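Results of the structural survey
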Amino acid sequence: MPPDRLAVIGDPIAHSLSPVMQGAALLSASLPWAFEAHHVLPAELAAWVRRAREAAYRGFNVTIPHKVAIASHLDGIASSAERVGAVNTVVRSGEHLIGHNTDLVGFKQALLALAPDVWGVRAVIFGAGGAARAAVHALTDLEARMTIVNRHVVRAASLAEGLDRTTALGADDPRLATEIEDARLLVNATPLGMSHLADCSPLPAGTQLQPDTVVIDLVYGHPTPLLREAARRSCRCADGLEMLVQQGAESFRLWTGLEPDLEAMRAACHAHLKETQVC
Ligand code: NAP
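This report concerns the structure included in the present document. (Residues numbered from 1 in each chain as written. Predicted model: local features only at pLDDT ≥ 70, side-chain atom pairs only at ≥ 80, totals over all residues. Heavy atoms only, no water.)

Regarding the packing of aromatic side chains
Using the criterion set out here, one finds three aromatic pairs in the structure. Three or more aromatic residues joined by ring pairs make a cluster, and in this case those are W48, Y57 and F60. (Phe/Tyr/Trp six-rings, centres within 6.5 Å; stacked < 30°, edge-to-face > 60°.)

Here's what the structure looks like:
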């Protein structure tokens, strides 16, 4: 009998740490399941999900750019995905494929590990895409007062709509520098600082970070310009690796019903990043 299968799908997908991270968790749990990475273009999504049904996948992770589009190919959406408006984990339940979101839990756990005192904090979130949506809803639970900043301000405004104590700003708004200086939590949920944008920062030139500001950059694998500036100003700061591990751990619980070995997952990510010279 072939092994049970899990996968991650996205476009691009080669950079994904999920296969090594989930592979380590499966090994540690003595589950002889396979975790595959599939490069799936938007036009191929429907056909891939049909094949996954036939091949009896236990579930799969969904990453850029399919987190919203996947919903129309599933049989149901769990409350976590409904709330965030995006699916990053699909779980087979009998004949049905159900969409969940584990990014919200992953972000919240990573943030609380870095800064357990952020309850009610004044926060600036850069970005209004899938990762920002998870962060904003997690911060709503933590009663944060938020400013969502995005280059297309209309997207930030749409995310802020209906949320208490939350406003939207364009990335070029002259009020941004003051908002940042007054905030005690900054979250980068844009690709600024990653790969082809490695020299870019969401901070406007000349912005002064206060040393008691907590900074979390969802980009991972190398110190971004935002994290370098935060470290220079002695801020508590972290990259997105712990969020990645925590969202992956929550996906693992949904697929297997087991508690994953977090240390094995972290170690596998660090070893892979070291090997590939990303950090
Ligand atoms: P997404 O849904 O495509 O959203 C991208 C966001 O970044 C949008 O707000 C977009 O603004 C903005 N953006 C894109 N290119 C930009 C540029 N050149 N300049 C300024 N803003 C730009 O992507 P996502 O899934 O939210 O991912 C965002 C980042 O978070 C990525 O770096 C991803 O690797 C990271 N992430 C990390 C984790 C983790 O576990 N650590 C999980 C998910 C994502 P517009 O709306 O104006 O286009």
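Now that the structure has been shown, the text picks up again.
Let's talk about the sheet that holds strand β8 (residues 145-150)
Sheet strands pair by backbone hydrogen bonding; their relative direction is either parallel or antiparallel. Taking strand neighbours across the sheet as the criterion, the six strands line up as β9-β8-β7-β10-β11-β12 in an open arrangement whose pairing is parallel. Single-partner strands in this sheet number two, and they are β9 (166-170) and β12 (236-238). Strand-to-strand twist across the sheet, computed as the mean angle between neighbouring axes with direction ignored, equals 15°. (Pairing = 2+ DSSP bridges. Helix = DSSP H or I, 4+ residues; strand = E, 2+ residues; numbered from the N terminus. Axes fitted to C-alpha atoms, helices over the stretch in contact; angles between N-to-C directions.)

Some remarks on the nonpolar core
Membership of the largest hydrophobic core comes to 34 residues, with the highest contact counts inside it found for F107, I125, L139, L185, V187 and I216. When contributions to this core are tallied by element, the ones reaching two or more residues are α4 (103-114), β7 (122-126), α5 (130-141), β8, α6 (153-160), β10 (185-188) and β11 (214-217). Per-element tally for this core: the top contributor is α5, with six residues. Setting aside residues up to four positions removed in sequence, F107 forms contacts with A135, A138, L139, V187, I216, L218 and M243. Formed by 20 residues, the second largest nonpolar core is a distinct cluster that contains I13, L31, A249 and F252. (Core = buried A, V, L, I, M, F, W, Y, C linked by side-chain atoms within 4.5 Å. Buried < 20%, exposed > 50% of the residue type's maximum accessible area, 1.4 Å probe, protein only. Contact = heavy atoms within 4.5 Å.)

A closer look at the side chain of H100
Positionally, H100 belongs in strand β6 (residues 96-100). Residue H100 is classed as buried on the basis of its relative accessible area of 15%. Once residues lying within four places of it in the same chain are set aside, the contact partners of H100 are A78, S80, A81, A86, V87, N88, T89, V91 and L254.

Concerning the environment of V20
Here V20 lies in helix α1 (residues 18-28). Distance in space between the C-alpha atoms of V20 and A267 is 9.8 Å, their sequence separation being 247 residues. The residues touching V20, leaving out its near neighbours within four places in the chain, are A268 and H272.

Things to note about the packing of α4 against α5
Remark: α4 packs on α5, axes separated minimally by 8 Å, with the N-to-C direction vectors making an angle of 60°. Between α4 and α5, the crossing angle belongs to the class labelled oblique. As α4 packs across α5, the resulting crossing turns out to be right-handed. Residues D103, L104, F107, K108 and L111 of α4 form the contact with α5, whose own contacting residues are A134, A135, H137, A138, L139 and D141. Split by residue class, the contact of α4 with α5 holds seven nonpolar, one polar and three charged. (Parallel < 35°, antiparallel > 145°, perpendicular 65-115°, else oblique. Left-handed = near helix turned anticlockwise from the far one by under 90°. Nonpolar A, V, L, I, M, F, W, Y, C, P; charged D, E, K, R; others polar.)

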